[in-house]
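# Coordinates in review
Residues per chain are reported as follows:
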Amino acid sequence: MKDMSDIGTGPLLRVEGLAKFYGARVGCEGVAFDLYPGEVMGIVGESGSGKTTLLNCLAGHLAPDEGQVLFDRAGQLVDTVTMSEPERRMLSRTDWAFVHQHAHEGLRMNVSAGGNVGERLMGLGARHYGTIREQAVDWLGRVEIAEDRVDDRPTAFSGGMRQRLQIARNLVTGPRLVFMDEPTGGLDVSVQARLLDLLRGLVREMGLSAIIVTHDLAVVRLLADRLMVMKSGQVVETGLTDQVLDDPQHEYTQLLVSSVLQV
Amino acid sequence: MSEYNFAYLDEQTKRMIRRALLKALAIPGYQVPFASREMPMPYGWGTGGVQISAAILVPEDRFKVIDQGADDTTNAVSIRRFFEKVAEVETTEKTAEATVIQTRHRIPERDLTEGQVLVYQVPIPEPLRFLEPSEVETRKMHALEEYGLMHVKLYEDIARHGEIATSYAYPVKVEGRYVMDPSPIPKFDNPKLEMAGIQLFGAGREQRIYAIPPHTQVVSLDFEDYPFQRMKAPQCCDLCGAGESYLDEVITDDAGGRMYVCSDTDFCRERREAGHVGALGVAEDAA
Amino acid sequence: MKQEQGRTMISVQDVSKTFTLHNQGAAVIPVMEGASLQVAAGECVALVGASGSGKSTLMRMIYGNYLSASGRIMVGDVDVASAEPREILRLRREVLGYVSQFLRVVPRVPTLDVVAEPLLAVGVGPDEARERAADLLGRLNIPERLWGLSPTTFSGGEQQRVNIARGFARQYPAMLLDEPTASLDAANREQVMQLIEEAKARGAAIVGIFHDVEARDRVCDRAVDVTGFTPAKVA
């Protein structure tokens, strides 16, 4: 049995005093947490609660106004907010991945599935067509897309397939941290389940850490180890996912949990 | 002639273009923005090349213009006449004798020598645009040398056609740094981008100038298992018999008749004058 | 992973719990006070008391599913009442198993994989994990033709047995069992009894809620009445 112990090793990501303001309006404020290797953290809250702003600040898509986003590189925590843009872009092509809610934002719609998956490899210097294609086919298989679709463009794919393709495209370079913005949003319930199962398996097999923004509490219950609840740009509650959902402490979390229709 | 300044453009504009040219030569393959002027011809007719030629021509120059290798097509003729009129420079059809050659879509067959300048007309200077429409993003990609996308284009070619089917405007990497669109020259011409002459590229509508200084390394992008291949029709020129020149296919009748001729008209003429005769050609002295 | 018999594995020390219902006028409801409990390795302790007296609440607190207002809940060397989420996650992965009354799974995942998951989570190879899962499903009389289907489509009794198989897939040193024999027929009930006895024999410390008195008497070494932990106001 392999040693799954993560206690004793340092965090993969450490966020301190993160804030983003839109003029006088607060995007998010005072956000601080540690994320350890292999952990999946959910960020929940209603529209406008600042969860997407926070995710974009963490992933380097938005420049925060205050605070640090420290990422582990070879045992050293490096501030990704102040690092040079080339370094940050390199990080987002190697150690980081970002799965958009709308697959078309994360895919090149006029490029074949194989080309979409292969892009990150080619970006890192892969120059052997056969090897790139082989890896693309392998990854399509892992996200349950048949090999004979490798040359089809995502425009010919269903919503669920596109989302799986986006995941393959992101994970092909073996990132350590994946940011996901409503990864199951807009998909049919049955397609969602398939995607959730797939994500769980990949997270486990690859030892991925992930930060998932969603408003769907059922999704976080199944995917996330930990939960962060946001309201009006502030983190109002954090904890183990099942604990936050079953024994919510904050007024807003209690409202959120009690508003969910039970199935 | 007193109506026009020498070579049509005013001296301030020429100075601005020359500064852009110097910068472009200093950073091979880098696209330098410049304030493209209205020219007395529509965009797409070589206004970028014309502005560069206007900025570098001096009265002592001998000027040659080719369009797809030919000196006698409309575009080439009208640009040559334009400069005959506004710059009163000597013009020629002979590659060897020209000091400045403006070209559309070809590099002359004859190797250019030191002191010669080749000016390209460029429709779309950005090689990454095919896959990334955002100019902000492509400039960043150039700045950070993020060129994976260029190979995605070649990957798509192989996936769809079984080989790199891009046959013109084939992307190159200049001096190990900038990826560049060599304008829509056939990829047959790509190896000639490493030359003794100076190469200047002008895109009028897109307001970009870039350059390759003499003897600069220019590598055509490819894959290890799908290496770059020069490509031409397997035939020989039907007029001069040349087997190594780039050929145009000419339809000769409505019954499927066709012939292959050198796209470089000056090269073909020179060979015929030297006594070479192709399958359908007529010996010069008999003519 | 045989445990040393007799060593205290689970220790609940003076634990209290309140619920604050913000959306009902911030009503504060004390539900537990002064709860204490020790369970040694190899021991099975039954929580008893009337419905609503807090048996499930206490069990959920031991699992870290409910927060504690005060006190300590030691499981092995981790204080669940104050541990970081990731320490609790590791505890659940490696030390503390829980058979709840409800099966909560991703729809579409085959039953065999649902049962094998706790093993996969600690790095057991897929073949070995599925073999163990198949063994347990067989023992609990889930027909093999159902193993490839998602348990979400199963009957209540079948789901309960899948849940038990999943709970016993790993040989946890500590286990929490919430009504493991409810809605089972005699044959399956006997299998669950045997699973509990085997777990005890290898040194697992078990806390259980059993309404089935016969089952409780057979596997439990003693009973703790949680009524004693109920705050006076509520009682």
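Residues numbered from 1 in each chain as written. Chains lettered and ligands numbered in written order. Predicted model: local features only at pLDDT ≥ 70, side-chain atom pairs only at ≥ 80, totals over all residues.

### Focus on the overall build of chain A
For chain A, the count of helices and strands is ten helices and ten strands. The C-alpha atoms of chain A give a radius of gyration of 18 Å, which matches the 18 Å a tight globule of 263 residues would have. Overall, the C-alpha framework of chain A stretches about 55 × 50 × 45 Å when taken along its three principal axes. By the burial criterion, 52% of the 263 residues in chain A qualify as buried. (Helix = DSSP H or I, 4+ residues; strand = E, 2+ residues; numbered from the N terminus. Rg over C-alpha atoms; globule rule 2.2 N^0.38 Å. Buried ≥ 20, exposed ≤ 12 C-beta atoms within 10 Å, placed from the backbone.)

### Side note on the overall build of chain B
Helices and strands together make up the secondary structure of chain B, namely six helices and twelve strands. Its C-alpha atoms give chain B a radius of gyration of 19 Å, near enough to 19 Å, the size a compact globule of 287 residues would have. Among the 287 residues that make up chain B, the fraction classed as buried is 46%.

### Quick notes on the interface of chain B and chain A
By a widely used convention, the size of an interface equals the accessible area lost when the partners come together. Listed by partner, the interface residues are 16 residues for chain B and 17 residues for chain A. Its residues placed into classes, the side of chain B that touches chain A shows nine nonpolar, two polar and five charged. (Contact = placed C-beta atoms within 7 Å. Nonpolar A, V, L, I, M, F, W, Y, C, P; charged D, E, K, R; others polar.)

### Notes on the arrangement of the chains
Most contacts, among the two pairs of chains that meet, fall between chains A and C. Contact between chain B and chain C is absent, and the minimum C-alpha spacing across the pair is 34 Å.

### Here's the deal with the sheet that holds strand 7 (residues 178-180) of chain B
Residues and elements named next belong to chain B. The sheet built from three strands is open, its strands ordered 7-6-10 with antiparallel pairing. Single-partner strands in this sheet number two, and they are strand 7 and strand 10 (218-220). Going across the sheet, the axis of each strand differs from the next one's by a mean of 30 degrees, ignoring polarity. Strand direction decides the pairing type here: strand 6 (residues 172-174) and strand 10, joined by three bridges, are antiparallel. In the sheet register, Lys 173 faces strand 10, and the bridge partner there is Val 219. (Pairing = 2+ DSSP bridges. Axes fitted to C-alpha atoms, helices over the stretch in contact; angles between N-to-C directions.)

### Some thoughts on unusual backbone geometry
In most cases, non-glycine residues show a negative phi, while peptide bonds are predominantly trans. All names here are of chain A. Backbone geometry places Ala 74, a non-glycine residue, at a positive phi of 50 degrees. Inspection of the secondary structure assignment puts Ala 74 in the loop between strand 4 (66-73) and strand 5 (76-79). The phi torsion at Glu 144 lies on the positive side, around 60 degrees, for a residue other than glycine. Take Glu 144: it is sitting in the loop between helix 5 (129-142) and helix 6 (159-171).

### Brief notes about the packing of helix 4 (residues 113-123) of chain A against helix 6 of chain A
All names here are of chain A. Closest axis-to-axis distance for the helix 4/helix 6 pair is 7 Å, and the angle between their directions is 30 degrees. The angle between helix 4 and helix 6 falls in the class roughly parallel. Helix 4 and helix 6 meet at a crossing whose hand is right-handed. Across from Ala 113, Asn 116, Val 117, Glu 119 and Arg 120 in helix 4, the residues of helix 6 making contact are Leu 165, Ala 168 and Arg 169. Class assignment for the residues of the contact of helix 4 with helix 6 results in four nonpolar, one polar and three charged. (Parallel < 35°, antiparallel > 145°, perpendicular 65-115°, else oblique. Left-handed = near helix turned anticlockwise from the far one by under 90°.)

### Examining the pairing of strand 3 (residues 40-44) of chain A
Residue and element names in this part refer to chain A. Burial analysis of strand 3 places five of its five residues in the buried class, the great majority of the element. Residues of strand 3 alternate between two faces, with Val 40, Gly 42 and Val 44 on one and Met 41 and Ile 43 on the opposite face, all of them buried. Relative to strand 8 (residues 209-213), strand 3 is paired through four bridges, and the arrangement is parallel. When the sheet's bridge partners are listed, Ile 43 is paired in strand 8 with Val 213.

### A short note on the sheet that holds strand 9 (residues 222-225) of chain C
Residue and element names in this part refer to chain C. Reading across the sheet, the five strands line up as 6-7-8-3-9 and stay open at both edges, with parallel pairing between neighbours. The outermost strands of the open sheet, each flanked by one partner alone, are strand 6 (96-99) and strand 9. Within the sheet, the average angular offset between the axes of one strand and its neighbour, ignoring direction, is 20 degrees. Where strand 3 (residues 44-48) and strand 8 (residues 205-209) come together, three bridges link them in parallel fashion. Bridge pairing in strand 8 places Val 45 opposite Val 207.

### What to know about the interface of chain C and chain A
At the interface, 22 residues of chain C touch 27 residues of chain A. Elements supplying a minimum of two residues to the side of chain C that touches chain A: helix 2 (85-94) and helix 3 (111-121) of chain C. It is helix 2 of chain C that contributes the most residues to the side of chain C that touches chain A, seven residues altogether. Grouping the constituent residues of the side of chain C that touches chain A by class yields twelve nonpolar, five polar and five charged.

### Description of the confidence of the model for chain A
Residue and element names in this part refer to chain A. Residue-level pLDDT values for chain A average 91, and 96% of them are 70 or greater. Across chain A, the secondary-structure element scoring lowest on mean pLDDT is helix 7 (residues 189-206), at 83, and the one scoring highest is strand 1 (residues 13-22), at 97. The low-confidence segment residues 1-7 (pLDDT under 50) makes 13 contacts with residues lying over four places distant or belonging to another chain. (pLDDT = per-residue confidence, 0-100.)

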